Amino acid sequence: MAGKFVCRVSDVPPNSLKECEVEGGIRLLIANAGGEFFGYQAMCPHQDVSLCEGLFDGETLTCHMHLWQWSIRTGEPIGLAEAPLERFALSVEADTINLAGQGSALDVGELFRGVAAGTLEKLAALARAETHAPGTLLYGPGDRAEDLFVLDSGRVEFSIGRDTRTAPGGFMLRKGEAFGWAAMLDGYTERIASARCIESSTVLRLNGKGVTGILEADPAGGFIVMKRLAGMIARYLAVSGTQ
Ligand code: FES
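Counting restarts for each chain, with residues numbered from 1 along the sequence as it is written. Thresholds applied to this predicted model are a pLDDT of at least 70 for local features of residues and 80 or more for the giving and counting of side-chain atom pairs; totals over whole chains, interfaces and linings are not thresholded and use all residues. To obtain the side-chain values, all non-hydrogen atoms of the structure were used and water was disregarded.

**A closer look at the overall build of the protein**
When helices and strands are tallied, the protein shows four helices and 19 strands. It is over C-alpha atoms that the radius of gyration is taken, and the globule rule equals 2.2 Å times the number of residues to the power 0.38. In terms of C-alpha radius of gyration, the protein reaches 19 Å, essentially the compact-globule figure of 18 Å for 243 residues. Think of it in three bands: residues with accessible area under 20% of the maximum for their type are buried, residues over 50% are exposed, and the middle band is partly exposed, with areas taken using a 1.4 Å probe on protein chains only. Looking at the protein as a whole, 44% of its 243 residues are labelled buried. We call two residues in contact whenever any of their non-hydrogen atoms come within 4.5 Å of each other. The contacts of the protein with a sequence gap of at least 6 include a subset with a gap of at least 24, amounting to 63%. For the protein, the accessible area works out to roughly 12100 Å², and carbon and sulfur atoms hold 53% of it. One finds the centroid of the 22 positive side-chain charges in the protein at a distance of 4 Å from the centroid of its 30 negative side-chain charges. Numbering of helices and strands runs from the N terminus; a helix is a DSSP stretch of H or I covering at least four residues, while a strand is a stretch of E covering at least two. Note on areas: Shrake-Rupley, 1.4 Å probe, and residue coverage restricted to the protein chains presented here. In this count, Lys and Arg are taken as positive residues and Asp and Glu as negative ones, while His and the chain termini are left out. The atoms used to mark charge sites are NZ of Lys, CZ of Arg, CG of Asp and CD of Glu.

Structure, rendered in structure tokens:
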């Protein structure tokens, strides 16, 4: 059998949705669009809401909470939606739907996409994979901002502030999403937010100075990464209403 077992074909009737948990803790939304199967992240990229509870007409998926919509064939946003869905490749064999093999979190994530293979290899050698239990605090306000993180699986929630005076800062659930950016910026030595795993999560931890050192040796790759980083920060500020 190729890949990890997701569910039976018969579990997802035509033009319906099913949420499945795959070995390793990955939660997927499986959609049957007229006999073709598509796999996406289980949770809405807007807030912590299961997409399986949404509406699906065989072509368009609608989150019931704030009516963001996506094309089920591409995961691209439609109308109000501000972010695409992360797609997971599936393979179908007889009555079995499997999760096909995937690239590493560094390859599939936005931050390092398109960087030369040799540079990606150096970054992969620098990365340390860690798996954390639900509730684990990866960092909190005042901690030294030394490491950049890339999510491999699971979900990480952010909050800004201390003790009882905290505000939600969003969450990350897409494989390859990077956080803890301060580690790559000059002059930002301390965390101003906290990052906590809200389910069993695997992250890649990369020393920020190590990353910038590797990128300095590849100026073209470094330019790509810094341009993406600036875009990600601007997007985050726009979504959080601080811009
Ligand atoms: S939670 Fe899904 S659109 Fe807002």
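Structure's up, so let's keep going.
**Points about the layout of surface pockets**
Using a grid of 1 Å spacing that covers the protein atoms alone, one calls a set of points a cavity when a 1.4 Å probe fits there but cannot get out, and a pocket when the set is open and has protein on both sides within 12 Å along at least five of seven lines; lining residues are those with an atom within 4 Å of a point. Grid points are joined across faces, edges and corners, and a volume is the space filled by probe spheres set on the points. Computed from the structure, the second largest pocket encloses a volume of approximately 240 Å³. Three classes are used: nonpolar for Ala, Val, Leu, Ile, Met, Phe, Trp, Tyr, Cys and Pro, charged for Asp, Glu, Lys and Arg, and polar for all others, with Gly counted as polar. Each residue belonging to the lining of the second largest pocket can be placed in one class, and the counts come to six nonpolar, four polar and four charged.

**A look at the nonpolar core**
Counting residues in each nonpolar core, the largest one holds 21 residues, and the members touching the most others are Leu106, Leu111, Phe112, Leu123, Val150 and Leu206. Dropping the residues within four chain positions of it, Leu106 is found in contact with Phe112, Leu120, Leu123, Ala124, Val150, Leu204 and Leu206. Put simply, buried Ala, Val, Leu, Ile, Met, Phe, Trp, Tyr and Cys residues joined by side-chain atoms within 4.5 Å make one nonpolar core. Core analysis: the second largest hydrophobic core is formed by 17 residues, Leu17, Cys44, Phe56 and Cys63 among them.

**Side note on the packing of aromatic side chains**
The geometry of an aromatic ring pair comes down to the distance between the two centres and the angle between the two planes. Pairing of aromatic side chains requires ring centres within 6.5 Å, counting the rings of Phe and Tyr and the six-membered ring of Trp. Pairs whose planes differ by under 30 degrees are stacked, by over 60 edge-to-face, and all others tilted. Counted according to the given criterion, the structure contains four aromatic pairs. A centroid spacing of 5.3 Å and a plane angle of 70 degrees characterise the contact between Phe158 and Phe179, whose relative ring orientation is edge-to-face. In this pair, Phe158 sits in strand 15 (residues 156-162) while Phe179 sits in strand 17 (residues 178-179), placing the two residues 21 residues apart along the sequence. Judged by relative accessible area, which is 10%, Phe158 ranks as buried. The exposure class of Phe179 is buried, given its relative accessible area of 2%. A ring is considered to have a charge above it if a Lys NZ or an Arg CZ atom is located within 6 Å of its centre and within 35 degrees of its normal. Between Arg191 and the ring centre of Tyr139, over which it is positioned, the NZ or CZ distance is 4.0 Å.

**Re the packing of helix 2 (residues 117-126) against helix 3 (residues 208-216)**
Convention adopted: a line fitted to C-alpha atoms gives each axis, helices being fitted over their contacting stretch, and angles between N-to-C directions are expressed from 0 to 180 degrees. Contact geometry for helix 2 and helix 3: axes closest at 10 Å, N-to-C directions at 165 degrees. In terms of orientation, helix 2 and helix 3 fall into the roughly antiparallel class. Our pair here, helix 2 against helix 3, has a crossing hand that is right-handed. For the pair formed by helix 2 and helix 3, the contact residues are Thr119, Lys122, Leu123 and Leu126 on the first element and Gly210, Val211, Ile214 and Leu215 on the second. The residue makeup of the contact of helix 2 with helix 3, split by class, is five nonpolar, two polar and one charged. These descriptions rest on fixed angle ranges, namely under 35 degrees for roughly parallel, over 145 for roughly antiparallel, 65 to 115 for roughly perpendicular, and the rest for oblique. Here a crossing is taken to be left-handed if its near helix is turned anticlockwise relative to the far helix by less than a right angle, and right-handed if that turn runs clockwise.

**Some details on helix 3**
For helix 3, the full list of buried residues reads Gly208, Val211, Ile214 and Leu215. Take helix 3 and look down its axis: the buried residues cluster within an arc of 125 degrees, on one side only. In this structure, helix 3 carries Lys209 and Glu216 as exposed residues pointing more than 90 degrees from its buried face. Any N or O atom pair separated by 3.5 Å or less is treated as a polar contact, with the protein-specific requirement of one donor-capable and one acceptor-capable atom, and with residues adjacent in sequence counted only for side-chain atom pairs. Regarding helix 3, its N-cap is Asn207, as a side-chain oxygen of that residue lies 3.1 Å from the backbone nitrogen of Lys209 further along. The arc in question is the one spanned by the directions pointing from the helix axis to the C-beta atoms.

**With respect to helix 2**
Within the sequence span of helix 2, burial applies to Thr119, Leu120 and Leu123. Seen from one end, helix 2 has its buried residues packed into an arc of 100 degrees, which puts them on one side. Away from its buried face by more than 90 degrees, helix 2 exposes Ala117, Glu121 and Ala125.

**Structural notes on the side chain of Asp218**
Within the fold, Asp218 resides in the loop between helix 3 and helix 4 (219-240). Of the side chains with opposite charge, Lys122 lies nearest to the buried Asp218, which makes no salt bridge, at 7.6 Å. In terms of polar contacts, Asp218 uses its side chain to reach the side chain of Thr119, at 2.6 Å. By definition, a salt bridge exists where a carboxyl oxygen of Asp or Glu is found within 4 Å of a side-chain nitrogen of Lys or Arg.

**Here we look at the environment of Ile214**
For Ile214, the location among the structural elements is in helix 3. Given the relative accessible area of 14%, Ile214 is considered buried. It is 42 Å that separates the C-alpha atoms of Ile214 and Thr62, two residues lying 152 residues apart in sequence.

**Re unusual backbone geometry**
Backbone geometry places Asn15, a non-glycine residue, at a positive phi of 60 degrees. By the secondary structure assignment, Asn15 is in the loop between strand 1 (4-8) and strand 2 (17-22). For Leu67, which is not glycine, the phi dihedral falls at a positive 65 degrees. Its location among the elements puts Leu67 in the loop between strand 6 (60-62) and strand 7 (69-71).

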